[in-house]
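Close look at the chain arrangement
Residues per chain, in single letters:
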Amino acid sequence: HVRYWPLVAGLGLAALVLRRPIPREALGWTAPTAAAVAALALVDLAVYGVTLPHAGFLLFFTERRVPIETYAGAAGIPGLFVERAFGLLPAAPIAILLFAGVGRAWRARDRALAAVPVLYLVLVPFVDWTGGFSPQARYFAPLVALLPLLYARAFEWRPACIAAVPLGIWTAGQSAVYVVAPWLRYDAYGVPPLVDRAWLQVVGITPSAAFPLYGRDGALFTGLWILGLAALVVVAARSPSRAGA
């Protein structure tokens, strides 16, 4: 399975931009992966008519009802974060603080920490994830090692420390539901997340309604979230350094 091969490409791009000279050892683990991806791309071109190494996997689930090209493109980037049924932030709202962490890392001139996830996210939706109309937060898995560093940067900023309390409680509620009923995490395109049923029974509200649902909500809702998250990065980067804890 080659689901996470873009991580290799993303780190390779980061090395080209951020590190000179490139370590010779890097060729030892990038060359086999590049050869395998190129071979799979050629096979998928011959079989499915598109050079997408993930094509066979996608077409297996769509049963060829949806053109394979719809699963790659820029729509997957915001969806990966904010789409109500599949995005990272509805599942773990405390991850909003990661954007503050990127801003703080940039202010601290920690360019690598800020650039590597950006390079990865810009690269992946154009080549290999079911992101165009069904974004999946699990594609963040290759970046998990960076998340504690970004949180640490975010907590250098007092507003992030304050926001962590309500966001943490909200996230704990989501996680508790998934622990008790993990199957509720598997949702469908254009349908509110199944976890909303648990929230309705316990507290009578559906917190995920704060996020856009692809297929129902218009692009304006998604656009507002994009602007808000971008503003969070900028404000965090421009705010004076001041320990929050």
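Residues numbered from 1 in each chain as written. Predicted model: local features only at pLDDT ≥ 70, side-chain atom pairs only at ≥ 80, totals over all residues. Heavy atoms only, no water.

**Things to note about the overall build of the protein chain**
The number of helices and strands found in the protein chain is 11 helices and 0 strands. Helices and strands in the protein chain line up, N terminus first, as α-α-α-α-α-α-α-α-α-α-α. A total of 245 residues make up the protein chain; the buried ones form 43% of that total. Of the accessible surface of the protein chain, which amounts to about 12900 Å², a share of 70% is contributed by carbon and sulfur atoms. (Helix = DSSP H or I, 4+ residues; strand = E, 2+ residues; numbered from the N terminus. Buried < 20%, exposed > 50% of the residue type's maximum accessible area, 1.4 Å probe, protein only. Areas by Shrake-Rupley, 256 points an atom, 1.4 Å probe, with all protein chains shown as cover.)

**Describing the confidence of the model for the protein chain**
The predicted model of the protein chain averages 77 in pLDDT, with 67% of residues at 70 or higher. Note on residues 131-135: pLDDT under 50 across the span, and 19 contacts to partners over four residues away in sequence or across chains. (pLDDT = per-residue confidence, 0-100. Contact = heavy atoms within 4.5 Å.)

**Details of the packing of aromatic side chains**
One pass over the full model with this rule turns up 4 aromatic pairs. Here Phe211 and Trp225 contribute two aromatic rings whose centre-to-centre distance is 4.6 Å and whose plane-to-plane angle is 15°, an arrangement assigned as stacked. In this pair, Phe211 is assigned in the loop between helix 10 (195-203) and helix 11 (219-238) and Trp225 in helix 11, connecting sequence segments 14 residues apart. According to the relative accessible area criterion, Phe211 is buried, its value standing at 1%. An aromatic cluster is built from Trp170, Phe211 and Trp225, whose rings are joined through pairwise contacts. (Phe/Tyr/Trp six-rings, centres within 6.5 Å; stacked < 30°, edge-to-face > 60°.)

**Observations concerning the nonpolar core**
With 30 residues, the main nonpolar core has Phe81, Val82, Leu89, Leu97, Phe140, Trp225 and Leu229 as its most contacted residues. Sorting the residues of this core by element identifies helix 4 (76-82), helix 5 (88-91), helix 6 (97-107), helix 7 (111-123), helix 8 (147-154), helix 9 (158-180) and helix 11 as the ones contributing at least two each. A total of 6 residues in this core trace back to one element, the largest contributor, which is helix 6. Other than its neighbours up to four places away in sequence, Phe81 contacts Gly87, Leu88, Leu89, Pro90, Phe99, Leu121 and Phe140. Core analysis: the next-biggest nonpolar cluster, separate from the first, contains 8 residues, Ala91, Tyr178, Ala198 and Trp199 among them. (Core = buried A, V, L, I, M, F, W, Y, C linked by side-chain atoms within 4.5 Å.)

**What to know about a nonpolar patch on the surface**
Together, Val202, Val203 and Ile205 make up a nonpolar patch on the protein surface, roughly 290 Å² of accessible area in all. Residue position: Ile205 is located in the loop between helix 10 and helix 11. (Patch = residues over 30% accessible without salt bridge, like charges linked within 9 Å, V, L, I, M, F, W, Y side chains within 5 Å. Salt bridge = Lys/Arg side-chain N within 4 Å of Asp/Glu carboxyl O.)

**Side note on the environment of Ala230**
In this fold, Ala230 is placed in helix 11. Relative accessible area serves as the criterion here: at 40%, Ala230 is assigned to the partly exposed category. Placed 130 residues apart in sequence, Ala230 and Ala100 show a C-alpha to C-alpha distance of 9.4 Å.

**A closer look at the packing of helix 6 against helix 11**
Taken N-terminus to C-terminus, the directions of helix 6 and helix 11 make an angle of 35°; their axes are 7 Å apart at the nearest point. Considering how the two elements wind past one another, helix 6 and helix 11 form a crossing that is right-handed. Contacts between helix 6 and helix 11 involve Phe99, Ala100, Val102, Gly103, Arg104 and Arg107 from the former and Leu229, Leu232, Val233, Ala236, Ala237 and Arg238 from the latter. Counted by class, the contact of helix 6 with helix 11 contains 8 nonpolar, 1 polar and 3 charged residues. (Axes fitted to C-alpha atoms, helices over the stretch in contact; angles between N-to-C directions. Left-handed = near helix turned anticlockwise from the far one by under 90°. Nonpolar A, V, L, I, M, F, W, Y, C, P; charged D, E, K, R; others polar.)

**Quick notes on unusual backbone geometry**
Even without glycine at this site, Arg109 takes up a positive phi of about 60°. You can see Arg109 is positioned in the loop between helix 6 and helix 7. A relative accessible area of 67% means that Arg109 is categorised as exposed.

**Comments concerning helix 11**
With 20 residues, helix 11 should reach 28 Å at 1.5 Å per residue; the first-to-last C-alpha distance of 28 Å fits that figure. Those residues of helix 11 that sit buried are Thr222, Trp225, Leu229, Ala236 and Ala237. In an axial view of helix 11, the angular spread of the buried residues amounts to 110°, which keeps them on one side of the axis. Exposed side of helix 11, more than 90 degrees from the buried face: Ala219, Leu220, Leu224, Leu227 and Arg238 are the residues found there. (Expected span 1.5 Å × (residues − 1). Arc of directions from axis to C-beta.)

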